[in-house]
Amino acid sequence: MHVGIIGYGNMGSSFAKGFMEKVQVVVYDIDKDKMQKALEDGFGVAQKLEFLLKDAHLVLLAVKPKDAKGVLESLRGKLKDRVLVSIVAGLSLKEIESIVGEGKIIRAMPNLNVAVQRGTIAYTCNSEVSHEDEEEFIRVFSSCGSLYRIGEDLIDAFTALAGSGPAFVFKFLSALILAGIREGFSYEMSKSIVLDTVIGSCEVLKKFGGHPEEWITKVASPGGTTIEGIKVLEEGGFSGILMECVHRAWEKTKKLQ
Ligand SMILES: NC(=O)C1=CN([C@@H]2O[C@H](COP(=O)(O)OP(=O)(O)OC[C@H]3O[C@@H](n4cnc5c(N)ncnc54)[C@H](O)[C@@H]3O)[C@@H](O)[C@H]2O)C=CC1
Ligand SMILES: O=C(O)[C@@H]1CCC=N1
């Protein structure tokens, strides 16, 4: 029994590497270079989609939204007892069912951090997915990060917040690194300082709990340096900009194709 992965791009290849400790992985991609890469990375490859289905109980669909419908049409009537896990942004369970027909389908939304087995992965199941199927999904996918079972009504919001989230975080990191350069550090040194500061701050919040605003009061001394910087963020509408950023990403999930 193995996990089949359709699409060996950013996400498919990251999941494959996380899964390999737990299950055998077989990959299918229409791009021959990607298939070669999968072989070099130590995975089995299927020359045809049909071959990938053989012996696979979990099948991960990791192609771009524009390619997903074509793949789903090829899977029509062929899923049988297999569980299809789609990570395609904006593609609902109903839309998937309407193309593949009857079948066990899990709609999941991960993020790039599955590349280091620290992904944030939400999922929702259709009514065909049994308790045992879900247990197997959890066993395999938890090797790539933390899992959140949520209602499908929140999947698009999760896509905007956590799916796109790493890019927003990278943007924040990039800006902070530039700020360090402005104050006289080299790029590499500023990057190292910023990463240590951000990772440490996340660990404080995870270890001790509480809310970020409470921790801000522990950093910002009365009449000190930090509050001067916070005032600039407030004047620039930092929180509002981030809220609008996530909201626009959410709106776009409705228009993907
Ligand atoms: N990149 C990200 O951070 C995230 C992406 N997603 C979703 O994951 C999916 C994949 O995204 P990426 O990995 O970034 O895309 P990608 O472009 O890196 O990889 C997609 C792969 O699918 C292959 N492909 C295209 N048509 C195919 C077909 N008919 N049969 C087999 N393989 C085919 C391509 O050759 C490519 O290797 C998308 O639907 C996206 O919405 C979800 C969460 C995060
Ligand atoms: O940008 C996108 O459409 C995908 C979905 C979440 C992350 N990447």
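Residues numbered from 1 in each chain as written. Chains lettered and ligands numbered in written order. Predicted model: local features only at pLDDT ≥ 70, side-chain atom pairs only at ≥ 80, totals over all residues.

Rule in force here: UniProt positions are given in the numbering used here, feature names are shortened, and annotations may be inferred rather than shown by experiment.
The name given to the protein chain in an unreviewed UniProt entry is Pyrroline-5-carboxylate reductase, with the source organism recorded as Hydrogenobacter thermophilus. Of the protein chain, the UniProt comment under Function (unreviewed entry) reads exactly: "Catalyzes the reduction of 1-pyrroline-5-carboxylate (PCA) to L-proline."

Remarks on the overall build of the protein chain
Just so we agree on the cut-off: Strands are runs of DSSP state E lasting at least 2 residues, helices are runs of H or I lasting at least 4, and numbering of each runs from the N terminus. Counting other C-beta atoms within 10 Å of a residue's C-beta gives its exposure: the residue is buried at 20 or more, exposed at 12 or fewer, and partly exposed in between, where C-beta atoms are placed from the backbone. Residue pairs are scored as contacts if the distance between their C-beta atoms, which are placed from the backbone, is within 7 Å.
Looking only at helices and strands, the protein chain features twelve helices and eight strands. Dimensions of the protein chain, computed from the C-alpha atoms along their principal axes, are close to 65 × 40 × 35 Å. Counting only residues that meet the buried cut, the protein chain has 30% of its 257 residues in that class. Taking the intrachain contacts of the protein chain between residues at least 6 apart in sequence as the baseline, contacts between residues at least 24 apart amount to 60%.

Focus: the packing of helix α4 (residues 65–75) against helix α5 (residues 93–100)
Geometry of a packed helix pair, given as the angle between the helix axes and the separation of the axes. Applied cut-off: All axes are obtained by fitting lines to C-alpha atoms, using only the stretch in contact for helices, and the reported angles, taken between N-to-C directions, cover 0 to 180 degrees. Oblique is the label for any angle not under 35 degrees, not over 145, and not in the 65 to 115 range, which are roughly parallel, roughly antiparallel and roughly perpendicular in turn. Three classes are used: nonpolar for Ala, Val, Leu, Ile, Met, Phe, Trp, Tyr, Cys and Pro, charged for Asp, Glu, Lys and Arg, and polar for all others, with Gly counted as polar.
Between α4 and α5, whose axes approach to 8 Å, the crossing angle comes to 45°. Considering the angle they form, α4 stands oblique to α5. Facing Lys 69, Leu 72, Glu 73 and Leu 75 of α4, the residues of α5 in contact are Ile 96, Ile 99 and Val 100. Its residues placed into classes, the contact of α4 with α5 shows five nonpolar, no polar and two charged.

As for the site of ligand 2
Rules: Note on definitions: a residue is near a molecule or strand provided its C-beta atom, placed from the backbone, lies within 6 Å of it.
Every residue lining ligand 2 is accounted for by Ala 89, Thr 159, Gly 163 and Ser 164. Along the lines of polarity and charge, the residues of the shell around ligand 2 split into one nonpolar, three polar and no charged.

Brief notes about the sheet that holds strand β7 (residues 119–125)
Where we set the bar: One requirement defines pairing of two strands: DSSP has to find at least two bridges between them.
Read from one edge to the other, the open sheet built from eight strands follows the order β3-β2-β1-β4-β5-β6-β7-β8, with strand pairing classed as mixed. Only two strands of the sheet have a single neighbouring strand rather than two, namely β3 (44–45) and β8 (145–149). Judged from the five bridges that link them, strand β1 (residues 2–6) and strand β4 (residues 56–61) form a sheet pairing that is parallel. Following the sheet pairing, Val 3 is matched in β4 by Leu 58.

Observations concerning the UniProt feature "domain: Pyrroline-5-carboxylate reductase dimerisation" (unreviewed entry) in the protein chain
With numbering aligned to this structure, UniProt lists the feature "domain: Pyrroline-5-carboxylate reductase dimerisation" (unreviewed entry) at residues 152–256. Helix makes up 80% of residues 152–256 and strand 0%, with an end-to-end C-alpha separation of 17 Å.

Some details on the domain arrangement of the protein chain
Interface size is often expressed as the accessible area that is lost when the parts come together. For clarity, the cut-off: Each domain span listed reflects an automatic or database assignment of domains.
Looking at the assigned domains, one finds that the protein chain contains domain 1 (2–152) and domain 2 (165–253). The C-alpha-based centres of domain 1 and domain 2 are spaced at 34 Å.

So, unusual backbone geometry
At Asp 55, a position not held by glycine, the phi torsion is positive, near 70°. Assignment of secondary structure puts Asp 55 in the loop between α3 (49–53) and β4. Asp 55 sits in the exposed class, given 12 other C-beta atoms within 10 Å. Even without being glycine, Gln 117 reaches a positive phi, approximately 55°. For Gln 117, the position within the fold is in the loop between β6 (104–109) and β7.

Points about the site of ligand 1
Contacts to ligand 1 come from 27 residues, most closely from Gly 7, Gly 9, Met 11, Asp 67 and Ala 89. Going through the elements one at a time, α1 (10–19) and α4 are the ones with two or more residues in the shell around ligand 1. Among the elements that make up the shell around ligand 1, the one with the highest residue count is α4 (four residues). For the shell around ligand 1, the per-class residue count stands at 15 nonpolar, seven polar and five charged.

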